[in-house]
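The chain contents come next:
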Amino acid sequence: MQGRVLVIAGSDSGGGAGIQADIKTITMLGGYAATAITALTAQNTLGVQGVMPVPPEFIRSQITSVLTDIGADVIKTGMLHDADTIDVVMDTLDALNWQGRLVVDPVMVATSGDPLLKNSALDKLKTLIKYADVVTPNIPEAEMLTGHEISGTEEMEVATQGLLELGAKNIILKGGHLDGDIVADLLLSNDHKVWIKNTKLDTKDTHGTGCTLASAMAALLAKGEAVDKCFKGACSFVRSAIEAAPNLGNGHGPLGHMHTKID
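Residues numbered from 1 in each chain as written. Predicted model: local features only at pLDDT ≥ 70, side-chain atom pairs only at ≥ 80, totals over all residues. Heavy atoms only, no water.

Q: Describe helix α5 (residues 139–146), naming the residues involved and giving the relevant values.
A: Within an α-helix, residues lying three or four positions from one another point in the same direction, as the helix has 3.6 residues per turn. Of the positions making up α5, those classed as buried are I139, E141, A142 and L145. For α5, the buried positions fall inside an angular range of 160° around the axis, keeping them on one side. Close packing links the buried residues of α5 with α4 (122–129), α6 (153–164) and β7 (170–173). One or two positions beyond α5, positive phi appears at G147, with a value near 80°. (Buried < 20%, exposed > 50% of the residue type's maximum accessible area, 1.4 Å probe, protein only. Helix = DSSP H or I, 4+ residues; strand = E, 2+ residues; numbered from the N terminus. Arc of directions from axis to C-beta. Contact = heavy atoms within 4.5 Å.)

Q: How would you explain the pairing of strand β4 (residues 74–77) if you had to name every residue and give the values?
A: The alternating pattern of β4 places V74 and K76 on one face and I75 and T77 on the opposite face, and all of these are buried. Pairing analysis gives four bridges linking strand β1 (residues 4–12) to β4, with the strands arranged parallel. Bridge pairing in β4 links V7 to K76. Traced from β4 through helix α3 (residues 83–95) to strand β5 (residues 101–104), the parallel crossover comes out right-handed. (Pairing = 2+ DSSP bridges. Right-handed = clockwise from strand over helix to strand, strands pointing away.)

Q: Break down the packing of α5 against α6 for me, with residues and values.
A: At their nearest, the axes of α5 and α6 sit 10 Å apart, and the two run at 55° to each other. Taken as axis vectors, α5 and α6 run oblique relative to one another. Crossing angle aside, the handedness with which α5 passes α6 is left-handed. Across from I139, A142, L145 and T146 in α5, the residues of α6 making contact are M156, A159, G162 and L163. Among the residues forming the contact of α5 with α6, the class breakdown is six nonpolar, two polar and no charged. (Axes fitted to C-alpha atoms, helices over the stretch in contact; angles between N-to-C directions. Parallel < 35°, antiparallel > 145°, perpendicular 65-115°, else oblique. Left-handed = near helix turned anticlockwise from the far one by under 90°. Nonpolar A, V, L, I, M, F, W, Y, C, P; charged D, E, K, R; others polar.)

Q: Give a description of the sheet that holds strand β8 (residues 182–189) that names residues and reports values.
A: Strands sit in the order β3-β2-β1-β4-β5-β6-β7-β8-β9 across an open sheet of nine strands; the sheet is mixed. The open sheet is flanked by β3 (47–53) and β9 (193–199), the only strands paired with a single partner. Those strands touched by helix α1 (residues 18–28) are β1, β2 (32–44) and β4, and its axis lies near 150° from that of β1. Running over the sheet, helix α7 (residues 209–222) touches β1, β4, β5, β6 (134–135) and β7 and is turned about 170° from β4.

Spelled out as structure tokens, the structure:
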């Protein structure tokens, strides 16, 4: 059976990002979502009011329970919060000799600007990236990972090349944080260089776009589709979900996952 995705990430009590967005996205794309929750957040469209990490050994138990029974074609990581969490994820996958594909969303900062990864965990995150099939940073995350300032598409290419040098097979750099009327997203690997450019939507409802894109990539990869086709499908899904946003909350609202499908 293909289509099984294990998401290792944090929970968003507001339902717009994190595990909740991951499950919605994978389900809408025809996959089966299992989860290992790394942290609980008190969160809404206005920001993150609190974070409660899950103990590393219980994260290990969740991952082991899923992989020794249901299994996974793809694992997608999101909020990993600290170095101990990243260590236990890597150790558990190694101990279980897991051989599937890995999508790493290097979650560092929420849409609201609240930090979701401790600074001390940055080097550990780079180690995890080395084993990834796909890494999906946004502009601020790519700047933190590479040390390159990104102000346009040329700098996006330079930073993406720097991320490839960390060891990942494919990098998707999301350009939504750049100024201008166009959103440019880049897929770069040794085999692909694909730009997807769209007119920027005038909306505040963008909470969970990063989680959604990475989970869409994971769901489509789990079906056995090629990376470049997954990239196009994932970008299409995110844009449609933004357009279908239900206009909830007083801040950065959630996407309309439930009203979105791609062919």
